[in-house]
Amino acid sequence: MNLKQNLRAIALHFEIPGEFLEAAPYGSGHINDTYCAVFNQGGTRVRYVFQRINHAVFKNPVALMENIQRVTAHLGGKVAGKPDASRRVLTLIPTHSGAAFYRDDAGNYWRVYIFIEAARGYDAVESPAQALSAAKAFGRFQKMLADLPAPRLNDTIPDFHHTPKRFATLERAIAADAVHRAKLARPEIEFALRHKAICSVLLDAKLPERVTHNDTKFNNVLLDDATGEGICVIDLDTVMPGLALYDFGDMVRTTTSPAKEDERDLSKVTMQFPMFEALARGYLSSAADFLTPAEKKLLPFSGKLITFEIGMRFLTDYLAGDSYFKVHRKGHNLDRCRTQFKLVESIEQQEAAMNKLVETI
Ligand code: ADP
Ligand code: GN1
Ligand code: MG
C-alpha cells in the first residue's frame, strides 16, 4: 500500500468531513512521522496534520494522548474568546468513536490535528523579533498551564531532562562502542567528559516542579505569517512535570545561533547576544511573575546545560548507531553534536555578560 492509500485508510477512522485528496510528509521533526493531508470540503481545500506517534520513543502512547487531551482542553479554555482562538492551541480531531487516536492493524498510533494555517515554524532563527515572539509564547504556555487541575500529568519519557542520567548513558555508550565510532568522536567525547560537573546543577538547586513543554525548540512554535507573533506552541508529546529552566534552556539552544542544528561549518555557530537578550525579555514578559529568584538567576546557565545535554544525546545516539533521532546522512548525529558543543563554548565565553543582563531585567 502506498502512502496515499495508507493515509486515506487511516483518515476513514477520524471525524473529518469531505473527500480525501492527497497527503505528503511534512516538517522536519526528529521523532514522529508527520504528514499534511488535504481534503475537499465543499470545493475548499482543507489541510490536516496526521501524525504517527513514534512508539519506540514514547512507550505509552495512551498515557501520552491523555496528557495531550488534558493540556489542549485546558489551553482551549484559556484562549476562548480571543481573536483567532482556534489557531492559538492545537485541536485534536476525534475518531468516530470519540477517541483521541486510532491504533492501526500494525500497532501504530495515529492522531490528527487541525492544520494551523498562515503560520510557520523555522529551523533557524532570523531576527531578535522572532526570538522575542517565541520566548513570549513559550512563557505564556507555561503560565496558562500553571493551574492545570490535578492529577499530575503522566511522565511520557521518564527522566527526560535528568542530565546526570544522560551523562551516565553516554558513558555506557562510550564503553560499549557498539558500532566502533568512538575513535571518530574523540574530541567530542573528551569535551563531554570535561563538562561532567555541570550536569547536576539544576537538580541540586531544588527548583519547583511545574508543567513544562520540555521540547521548546524554535521550530516547535509557529509564528504568525502576518504579525510574527508566536501564535501556537506545538509538539506537545513531552508536556509533563519539569523545570521551567528546561524550557528556557532549550530556547537558548535553538534560538540564539543563526545556524541550523546540523550545520557543518562550525564558524557559523555562535550565541548571538541580541538573540539571548530578546529571549530573556520575551520569556520574562510572560513568566516573571511566577518564577522564583533562583530560577531567574539560572536562566543563562540553563541555556548552557540544555545545549550540553542535547549535544550528549546526539553523541550517544551516534555512538549507539543512530537508533533514536532520525538521520538523513552519514555522521548526521555527530554533526549535530558538534554544533551543540560549539554553542556551549560560545555561551561559556559570554556567560558573565548574560548573567549581568538578566540581573537588569
Ligand atoms: P516532531 O515531534 O517529530 O518534531 P512535530 O509535532 O513538531 O513533530 O511536527 C513536525 C512539524 O509539523 C512541525 O515542526 C511543524 O512544522 C508541523 N506541524 C505540526 N503540527 C502542526 C499543525 N497543527 N499545524 C501546522 N503545522 C504543524
Ligand atoms: C527531538 O521532536 P523534535 O524533533 O521537536 C527531541 C528533543 C531534542 C530535539 C533535538 C521526544 O525534538 O528532545 O531536543 O529532537 N524530542 C524527543 O533537535 O526526544
Ligand atoms: Mg517538533
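Scroll up a little and you will see the structure.
Below is a summary of the structure that appears in this document. Each chain has its residues counted from 1, following the order in which its sequence is written. Chains carry letters and ligands carry numbers; both start at the beginning, A for chains and 1 for ligands, and go up in the order they are written. Only residues with pLDDT of 70 or above have their local features reported here, since the model is predicted, and side-chain atom pairs are shown and tallied only from 80 upward, although totals for entire chains, interfaces and linings are computed over all residues. Water and hydrogen atoms play no part in the side-chain values, which are based on all heavy atoms of the structure.

1. Let's talk about the site of ligand 2
Next, step 1: In the vicinity of ligand 2, 17 residues are found, and the nearest of them are H30, K217, E261, R313 and Y324.
Next, step 2: Within the side chain of D215, one N or O atom sits 3.0 Å away from an oxygen atom of ligand 2.
Next, step 3: Nitrogen and oxygen atoms within 3.5 Å of one another constitute a polar contact, given that in protein one can donate a hydrogen and the other can accept it, and given that sequence-neighbouring residues count only through two side-chain atoms. Here Y324 contributes a side-chain N or O atom positioned 2.5 Å from an oxygen atom of ligand 2.
Next, step 4: Residue burial considers only the protein chains on display, and all accessible areas are found by Shrake-Rupley using a 1.4 Å probe. Across the complex, the protein chains shield 98% of the 440 Å² of accessible surface that ligand 2 would expose by itself.
Next, step 5: It is helix α10 (residues 299–320) that provides the largest number of residues to the shell around ligand 2, a total of three residues.
Next, step 6: Ten residue types, Ala, Val, Leu, Ile, Met, Phe, Trp, Tyr, Cys and Pro, are classed as nonpolar, four, Asp, Glu, Lys and Arg, as charged, and the remainder, Gly among them, as polar. In terms of residue class, the shell around ligand 2 is built from seven nonpolar, four polar and six charged. Near is defined per residue: the residue qualifies when any heavy atom it owns lies within 4 Å of the molecule or strand. Secondary structure elements follow DSSP: runs of H or I no shorter than four residues count as helices, runs of E no shorter than two count as strands, and numbering proceeds from the N terminus.

2. Looking at the nonpolar core
Next, step 1: Only buried Ala, Val, Leu, Ile, Met, Phe, Trp, Tyr and Cys residues count toward a nonpolar core, and they belong to the same one when joined by side-chain atoms within 4.5 Å. Only protein chains enter the accessibility calculation, which uses a 1.4 Å probe; a residue whose area is less than 20% of its type maximum is buried, one above 50% is exposed, and one in between is partly exposed. Ranked by internal contacts, the top residues of the largest apolar core, which has 102 residues, are L202, F248, F276, Y283, F308, L315 and L319.
Next, step 2: Looking at which element gives the most residues to this core, the answer is α10, with eleven residues.
Next, step 3: Beyond its immediate stretch of four places on either side in the chain, F308 contacts F191, A192, H195, I198, C199, F341 and V344. A contact between two residues is defined here by any heavy atoms of the two lying within 4.5 Å.

3. Observations regarding the packing of aromatic side chains
To describe a pair of aromatic rings, one takes the distance between the centres and the angle between the planes.
Next, step 1: Centres within 6.5 Å are what make two rings of Phe, Tyr or Trp a pair, Trp counting through its six-membered ring; a difference in plane orientation under 30 degrees is then read as stacked, over 60 as edge-to-face, and the rest as tilted. Counted under the stated rule, the structure contains 16 aromatic pairs.
Next, step 2: The interplanar angle of 75 degrees and the centroid separation of 6.1 Å between the aromatic rings of F248 and F276 together place this pair among those described as edge-to-face. One end of the pair, F248, is in helix α7 (residues 244–255); the other, F276, is in helix α8 (residues 273–287), and 28 residues separate them in sequence. One exposure class covers both F248 and F276, and it is buried.
Next, step 3: Ring centres of F314 and F325 lie 4.7 Å apart, and the angle between their planes is 55 degrees; on these two criteria the pair is classed as tilted. In this pair, F314 sits in helix α10 while F325 sits in the loop between α10 and α11 (332–360), placing the two residues eleven residues apart along the sequence.
Next, step 4: Looking at F314, the relative accessible area reads 1%, which means it is buried.
Next, step 5: These aromatic residues form a ring-pair network of at least three members: F14, F20, F39, Y48 and F50.
Next, step 6: The positively charged end of R47 is found above the aromatic ring belonging to F115, 4.1 Å away from the centroid. Two conditions define a charge sitting above a ring: the NZ of Lys or the CZ of Arg must be within 6 Å of the ring centre, and it must be within 35 degrees of the ring normal.

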